[in-house]
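In case you want the letters, here they are:
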Amino acid sequence: MVQLYDDERLDHLLAENLRIIQSPSVFAFSLDTVLLARFVYVPIQKGKIIDLCTGNGVIPLLLSRRSKAEVTGVEIQKRIYDMAKRNMEYNKLSTQLSVIHGDIKDMPNQLGRGKFDVVTCNPPYFPTPKADEMNQNEYLKIARHEIYCTLEDVVRVSSELVKQGGKVAFVHRPGRLMDILTLMRQYRIEPKRLQFVYPRLGKEANTILVEGIKFGKADLKILPPLYVYDEQNEYTKELRKILYGDE
């Protein structure tokens, strides 16, 4: 039996045989997170994966269905870290998945450099604005704004944690694309796969997925565009397949 607090609820996680603790006032996962978990290449049988800014542990949970590798999440907010820990325990995945309560900037010293085959991160998207422009919800403010880590922190730490030849994958907003690609090269992660996600045909992209290889050779592939909704305002076939495995 799982313990729920305040406005927490227990939801089904897509078509997977998983349940997830969420809270509308503290943390609920987004489509961006799911897309990143489906986009990144992961070892099937063994290896070590780390998910930075893990939130309530959605990416580790989803990766457990794609890989037998050991997956570690890192979350700085104590309440959300606790949700991730309970999610792993409730789904009986604590032997494969774990979560650390801490600052991602401390992880290279704490866990060691070059120890991971894959690093993933759905980081805060927005530079820290003036105090009166930020979300007044402390949990959402930290999740969305670069209060505890900047984009450069995320890329630098990912580069330090991943092995030579290992993969690093991010989800972000198109407006930060040049920042991401520049920082990846600066920290020796060569961008290799890039995908633009559009809310629907005829609209501007609102999400990017990018994966690089530590010390990889220059050869960036632009994947076909991914559209979320069709003309009937339903998920497209491509997105349903990503989310639910539907053909």
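Cut-offs used in this document
- Throughout, a residue's number is its position along its own chain's written sequence, starting from 1.
- Only residues with pLDDT of 70 or above have their local features reported here, since the model is predicted, and side-chain atom pairs are shown and tallied only from 80 upward, although totals for entire chains, interfaces and linings are computed over all residues.
- Where side-chain values are given, they derive from all heavy atoms of the structure, hydrogens and water being excluded.
- Between N-to-C directions, angles cover 0 to 180 degrees, with each direction set by a line fitted to C-alpha atoms, over the stretch in contact for helices.
- Numbering of helices and strands runs from the N terminus; a helix is a DSSP stretch of H or I covering at least four residues, while a strand is a stretch of E covering at least two.
- For any pair of crossing helices, the crossing counts as left-handed if the nearer helix is rotated counterclockwise from the farther one by less than a right angle, and right-handed if it is rotated clockwise.
- Contacts are assigned to residue pairs with any non-hydrogen atoms lying within 4.5 Å of each other.
- Polar here means any residue outside two lists: the nonpolar Ala, Val, Leu, Ile, Met, Phe, Trp, Tyr, Cys and Pro, and the charged Asp, Glu, Lys and Arg; Gly therefore counts as polar.
- What sets the label is the angle itself: under 35 degrees gives roughly parallel, over 145 gives roughly antiparallel, 65 to 115 gives roughly perpendicular, and the rest give oblique.
- DSSP-based pairing: two strands are paired if at least 2 bridges between them are found.
- When the strands point away from the viewer and the connection leading from the first strand across the helix to the second strand turns clockwise, the crossover is called right-handed.
- Salt bridges are counted wherever a side-chain nitrogen of Lys or Arg sits within 4 Å of a carboxyl oxygen of Asp or Glu.
- In this scheme, a residue with accessible area under 20% of its type's maximum is buried, one over 50% is exposed, and one in between is partly exposed, where area comes from a 1.4 Å probe on protein chains only.
- Residue count minus one, scaled by 1.5 Å, sets the expected span of a helix.

## Points about the packing of helix α6 (residues 151–161) against helix α7 (residues 177–186)
Part 1 of the reasoning: At a closest axis distance of 9 Å, the pairing of α6 and α7 adopts a crossing angle of 35 degrees. Relative to α7, α6 is oriented so that their crossing is right-handed. Seen from α6, the contacting residues are L151, E152 and V155; seen from α7, they are D179, I180, L183, M184 and Q186.
Part 2 of the reasoning: Residue composition of the contact of α6 with α7, grouped by class: five nonpolar, one polar and two charged.

## Remarks on the packing of helix α1 (residues 31–39) against helix α8 (residues 237–244)
Part 1 of the reasoning: As a packed pair, α1 and α8 sit with axes 10 Å apart at the nearest point and diverge in direction by 75 degrees. In terms of orientation, α1 and α8 fall into the roughly perpendicular class. Here L31, V34, L35 and R38 of α1 come into contact with α8, specifically with L239, I242 and L243.

## Some remarks on the pairing of strand β5 (residues 97–101)
Part 1 of the reasoning: Here five bridges tie strand β4 (residues 70–75) to β5, and the two strands are oriented parallel to one another. If you follow G73 over to β5, its bridge partner there is V99.
Part 2 of the reasoning: Viewed along the sheet, the connection from β4 through helix α3 (residues 78–90) into β5 turns out right-handed.

## A few points about the pattern of salt bridges
Part 1 of the reasoning: Per the stated rule, a full pass over the model turns up 16 salt bridges.
Part 2 of the reasoning: Of the charged contacts, one joins R79 and E8 as a salt bridge, the two residues approaching to 3.1 Å between their closest N and O atoms. In this pair, R79 sits in helix α3 while E8 sits in the segment before β1 (9–12), placing the two residues 71 residues apart along the sequence.
Part 3 of the reasoning: The partner of D11 in a salt bridge is R9, and the shortest N-O contact between them spans 2.7 Å.
Part 4 of the reasoning: Look at R9 and you get partly exposed, because its relative accessible area is 34%.
Part 5 of the reasoning: Each of D6, E8, R79, D82 and R86 takes part in one network of salt bridges that share partners.

## Some thoughts on the environment of E16
Part 1 of the reasoning: The topology assignment puts E16 in the loop between β1 and β2 (19–22).
Part 2 of the reasoning: The spacing of E16 and L62 is 46 residues in sequence and 8.0 Å in space, taken between C-alpha atoms.
Part 3 of the reasoning: Residues within four places of E16 in sequence aside, it is in contact with R38, L62 and R65.

## Some thoughts on the pairing of strand β8 (residues 189–200)
Part 1 of the reasoning: With nine of 12 residues buried, β8 lies mostly within the body of the structure.
Part 2 of the reasoning: The pairing of β8 with strand β10 (residues 221–222) spans two bridges and is classified as parallel. Bridging from a neighbouring strand, L194 pairs with I222 of β10.
Part 3 of the reasoning: Sheet analysis places β8 next to strand β11 (residues 226–229), joined by three bridges and oriented parallel. Among the inter-strand pairings, R200 is bridged to a residue of β11, identified as Y229.

## With respect to α3
Part 1 of the reasoning: When the terminal C-alpha atoms of α3 are compared, their 18 Å separation across 13 residues agrees well with the 18 Å that a helix rising 1.5 Å per residue should span.
Part 2 of the reasoning: Looking only at α3, the buried set comprises R79, I80, Y81, M83, A84, R86, N87 and M88.
Part 3 of the reasoning: Residue K92 follows α3 closely and has a positive phi angle near 55 degrees.

## Concerning unusual backbone geometry
Part 1 of the reasoning: Unusually for a residue other than glycine, K92 sits at a positive phi of about 55 degrees.
Part 2 of the reasoning: Counting through the fold element by element, K92 comes out in the loop between α3 and β5.
Part 3 of the reasoning: Accessibility expressed as a relative area gives 72% for K92, which makes it exposed.
Part 4 of the reasoning: Backbone geometry at F215 places phi at a positive 60 degrees, although glycine is not the residue there.
Part 5 of the reasoning: One can find F215 in the loop between β9 (207–214) and β10.
Part 6 of the reasoning: F215 sits in the partly exposed class, given a relative accessible area of 46%.

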